[in-house]
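Given next are the chains, with one letter for each unit.
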Amino acid sequence: MRKIILSLLFLAVITACGSSSGINADDLAIVKVDSEKEIVKYGMSQEDAEKILGPGKKTTTFSTYSSGISIMYRDGAVVCIFIDEESKGKYKTIQGAEVGMSKQELINLYGESGALSLSEIQLDYIYDSTNKKYLTIDEQSSNNDLKSYQVSVRFKMDGGARVISLLDRQSAMLGR
């Protein structure tokens, strides 16, 4: 019995440590719902991303793809991924977040710690990878560390996620 209790306690500690590890580049990824091996992720080349997504239509800042995906590239690599309502049932984030989910469902996936909710229609997580911490509302406006990672969600008035964005701080702040 003692071994079981110690094992459960150890598992709880490991799980708790994992959930507070913040957001890293590996978390900035989407996966095709019906093919878990088809992943588009931060840092991936445009050529490799388009092997999965097909050819994109270039706009000023983004390349847009069928299935509700928009991607910003910097130096030929993925730095920002948007999934919108058209992606529902087709793509989700690597953590399992999908368009249409409620704010609470997304908080359950990404955690209460670090969640910034400036309004009912917005939820952000900004993780400073240099200092290894989530930024507060006050810190986010003064933090210029471009090695931070961000997950942002915009909601419809009915509460369902409308757009999920996965990006680095440079693309969030500078649009590139």
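Everything quoted here is computed from the prediction, not taken from an experiment.

Asks: How would you explain the nonpolar core if you had to name every residue and give the values?
Replies: With 33 residues, the main nonpolar core has V40, I71 and L106 as its most contacted residues. Every element with two or more residues in this core is listed here: α2 (46-53), β5 (69-74), β6 (77-83), α3 (103-110), β9 (122-128), β11 (148-155) and β12 (161-168). At four residues, the largest contribution of residues to this core is made by β11. Look past the residues within four positions of V40 in its chain and what remains in contact with it is L28, A29, I30, A49, I52, L53, I71, V78 and I81.

Asks: A description of the pairing of β9 should follow, citing residues and the corresponding values.
Replies: Walk down a regular strand and you will see the side chains alternate between the two sheet faces. The buried fraction of β9 amounts to seven of the seven residues, a majority that puts the element mostly inside the structure. Residues of β9 alternate between two faces, with Q122, D124, I126 and D128 on one and L123, Y125 and Y127 on the opposite face, all of them buried. Looking at chain direction, strand β8 (residues 116-119) and β9 are connected through two bridges and run antiparallel. In the sheet register, S119 faces β9, and the bridge partner there is Q122. Remark: two residues form the turn of the hairpin made by β8 and β9, two consecutive strands paired antiparallel. By the bridge criterion, seven bridges tie β9 to β11 in an arrangement that is antiparallel. Residue pairing in the sheet places Y127 in a bridge with Y149 of β11. Bridge count for β9 against strand β10 (residues 133-134) is two bridges, and the pairing is antiparallel. The partner of Y127 across the bridge, within β10, is Y134. Between β9 and β10, which follow one another and run antiparallel, lie four residues, and K132 among them has a positive phi close to 55 degrees.

Asks: Account for the sheet that holds strand β7 (residues 91-93), naming residues and giving values.
Replies: Spatial strand order, β2-β1-β7: three strands in an open sheet with antiparallel pairing. Only two strands of the sheet have a single neighbouring strand rather than two, namely β2 (35-41) and β7. On average, each strand axis in the sheet is tilted by 30 degrees relative to the strand beside it, whichever way the strands run. Pairing of strand β1 (residues 29-32) with β7, which is carried by three bridges, proceeds in the antiparallel orientation. When the sheet's bridge partners are listed, I30 is paired in β7 with T93. In this fold α2 packs onto β2 and β7, with an angle of close to 145 degrees to the strand it touches most, β2.

Asks: Break down unusual backbone geometry for me, with residues and values.
Replies: Non-glycine residue S67 carries a positive phi angle of around 75 degrees. S67 gets classed as buried once you look at its relative accessible area, which sits at 17%. With phi around 55 degrees, K132 is a residue other than glycine that occupies positive phi space. We classify K132 as exposed; its relative accessible area is 59%.

Procedures and definitions
Residues numbered from 1 in each chain as written. Predicted model: local features only at pLDDT ≥ 70, side-chain atom pairs only at ≥ 80, totals over all residues. Heavy atoms only, no water. Core = buried A, V, L, I, M, F, W, Y, C linked by side-chain atoms within 4.5 Å. Buried < 20%, exposed > 50% of the residue type's maximum accessible area, 1.4 Å probe, protein only. Helix = DSSP H or I, 4+ residues; strand = E, 2+ residues; numbered from the N terminus. Contact = heavy atoms within 4.5 Å. Pairing = 2+ DSSP bridges. Axes fitted to C-alpha atoms, helices over the stretch in contact; angles between N-to-C directions.

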